[in-house]
Amino acid sequence: MRHYEVMIVLAPDQAEDGFNKHLERFKKIIEDGGGSIVNDDRWGIRSLSYPIKKYDQGFYTVIEWESTPDLLTELDHTLRLDENVLRHMVIHLDSTALAELAEMRAKRVERPSEGQIDRVDGGSGDSDKADDKVDETPESETEPNAEPDEVKPDVEPEAEPDVEPEAEPDVEPETDSDVEPEAELDEEPEALESSESDASEEADPGDTGEVDAEEAEEEK
Amino acid sequence: MRHQKPCRFCVEKKSWIDYKDDRTLRRFLTDRGKIVSRRQTGVCAKHQRLLTTAIKRARHVALLPFTTESMR
């Protein structure tokens, strides 16, 4: 038995039970293939970092299960053919990953308020084209040995990935007081239109890297 | 010479970096969406490798951007 996890991003424009209907179908494939579902985590609608098939948002779900590898092909096939699936990614969770996840969950219980998951964002939706070319993700090249095989089947739209500069990418790890201030990013953040409506401003204490972005935002 | 601070993932004793944790991963992206070199972040080689995979996975499912270039 191996432990897997699949992240599914569904098109957001459907009724609540529409999501359910699709996900139940995928879960049935897993169960029919002899898998037992360990966890089904519905994140809800979340904004995408770049438009996919002209959508700016997607309904995120993470399903974890245990099974033999046999059913992966079928699951992948179904996900790939389903028009409503914007993205999917199956990952094999090895023992290190499982241990880490368990630990993270334990911590999460201690501090319940976590992440802005259901935020809605009024980003500009001008993606000219989202094509359906099949493309391999470059993941395998950088695969570290700690994480053995992984199944990453997907359709990669290589339309120019528009992006909203939401949470400021601060360079410095917060625990790091010793890092050179060169780590500061002084590239100019252009295109801030959509970031204004963004609810994801995190004011991290001890951040120097994000000052630039914030100032620019106020000017607007 | 300055004393090298240990990598933050080493401090947290991480053996795996979750691609779903986009808030943490974002710290290691420039405002253009590029992955920041470990020279600047102080991450050790082992964790930079794990981090890179996590970021690339997150990009694939649109949790993180590939680039911000085409924004306008």
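Nothing here was measured: the structure is a model prediction, and the numbers come from that model.

**Q** What is the right way to look at the overall build of chain A in this model?
**A** What chain A contains, in helices and strands, is five helices and four strands. Out of the 220 residues belonging to chain A, those deemed buried represent 48%. Long-range contacts, defined here as pairs at least 24 residues apart, represent 76% of the contacts in chain A between residues at least 6 apart. Carbon and sulfur atoms make up 49% of the accessible area of chain A, which amounts to about 10800 Å² in all.

**Q** Please explain the packing of helix 1 (residues 16-32) of chain A against helix 2 (residues 72-81) of chain A as it appears in this structure.
**A** Two measures define how a pair of helices packs: the angle their axes make with one another and the distance between the axes. Residue and element names in this part refer to chain A. Running from N to C, helix 1 and helix 2 point in directions that differ by 165°, and their axes come no closer than 9 Å. The angle between the axes of helix 1 and helix 2 places the two elements in the roughly antiparallel class. Our pair here, helix 1 against helix 2, has a crossing hand that is right-handed. Residues Arg-25, Phe-26, Ile-29 and Ile-30 of helix 1 touch helix 2, and the partners they reach there are Glu-74, Leu-75, Thr-78 and Leu-79.

**Q** Mind showing me how you'd approach the side chain of B:Thr24 here?
**A** All names here are of chain B. Positionally, Thr-24 belongs in helix 2 (residues 22-26). Residue classification places Thr-24 among the buried positions, given a relative accessible area of 19%. Looking at Thr-24, its side chain comes within polar contact range of the side chain of Asp-21, at 2.6 Å.

**Q** Help me understand helix 1 of chain A in this model?
**A** Side chains of residues three or four places apart in an α-helix project in the same direction, reflecting 3.6 residues per turn. Residues and elements named next belong to chain A. The terminal C-alpha atoms of helix 1 lie 24 Å apart, and with 17 residues this matches the ideal 24 Å at 1.5 Å per residue to within 8%. Those residues of helix 1 lying buried are Gly-18, Phe-19, His-22, Leu-23, Phe-26, Lys-27, Ile-29 and Ile-30. The buried residues of helix 1 all sit within an arc of 165° when viewed along its axis, so they share a single face. Along helix 1, the residues that are exposed and aim more than 90 degrees away from the buried face are Glu-16, Asp-17, Lys-21 and Asp-32. Buried residues belonging to helix 1 abut strand 1 (2-10), strand 2 (36-52), strand 3 (55-67), helix 2 and strand 4 (85-93). Positioned one or two residues after helix 1, Gly-34 has a phi angle of 90°, which is positive.

**Q** Looking at this model, I keep getting lost on the packing of aromatic side chains. Mind explaining?
**A** Where two aromatic rings form a pair, the distance of their centres and the angle of their planes describe that pair. Applying the stated criterion across every chain, the model contains five aromatic pairs over all chains. An angle of 20° between the planes, with centres 5.8 Å apart, marks the rings of A:Trp43 and A:Tyr60 as stacked. In this pair, A:Trp43 is assigned in strand 2 and A:Tyr60 in strand 3, connecting sequence segments 17 residues apart. Residue class for A:Tyr60 comes out buried when judged on its relative accessible area of 0%. The ring of B:Phe9 has B:Arg8 sitting right over it, with the charged end atom 5.7 Å from the ring centre.

**Q** I would appreciate a short explanation of the side chain of B:Lys14 in the present structure.
**A** By the element assignment, B:Lys14 lies in the loop between helix 1 (8-11) and helix 2. Beyond its immediate stretch of four places on either side in the chain, B:Lys14 contacts A:Glu100, A:Met104, B:Phe9 and B:His47.

**Q** Looking at this structure, I do not really get unusual backbone geometry. What am I missing?
**A** Leaving glycine out, the prevailing phi sign among residues is negative, and the prevailing peptide bond configuration is trans. Even without glycine at this site, A:Lys54 takes up a positive phi of about 70°. Topologically, A:Lys54 is positioned in the loop between strand 2 and strand 3. Residue classification places A:Lys54 among the exposed residues on the basis of a relative accessible area of 52%. One non-glycine residue, B:Lys13, lies in the positive phi region at around 55°. Relative to the assigned elements, B:Lys13 resides in the loop between helix 1 and helix 2. We classify B:Lys13 as exposed; its relative accessible area is 70%.

Rules and cut-offs
Residues numbered from 1 in each chain as written. Chains lettered and ligands numbered in written order. Predicted model: local features only at pLDDT ≥ 70, side-chain atom pairs only at ≥ 80, totals over all residues. Heavy atoms only, no water. Helix = DSSP H or I, 4+ residues; strand = E, 2+ residues; numbered from the N terminus. Buried < 20%, exposed > 50% of the residue type's maximum accessible area, 1.4 Å probe, protein only. Contact = heavy atoms within 4.5 Å. Areas by Shrake-Rupley, 256 points an atom, 1.4 Å probe, with all protein chains shown as cover. Axes fitted to C-alpha atoms, helices over the stretch in contact; angles between N-to-C directions. Parallel < 35°, antiparallel > 145°, perpendicular 65-115°, else oblique. Left-handed = near helix turned anticlockwise from the far one by under 90°. Polar contact = N/O pair within 3.5 Å; in protein donor to acceptor, adjacent residues only side chain to side chain. Expected span 1.5 Å × (residues − 1). Arc of directions from axis to C-beta. Phe/Tyr/Trp six-rings, centres within 6.5 Å; stacked < 30°, edge-to-face > 60°. Lys NZ or Arg CZ within 6 Å of the ring centre and 35° of its normal.

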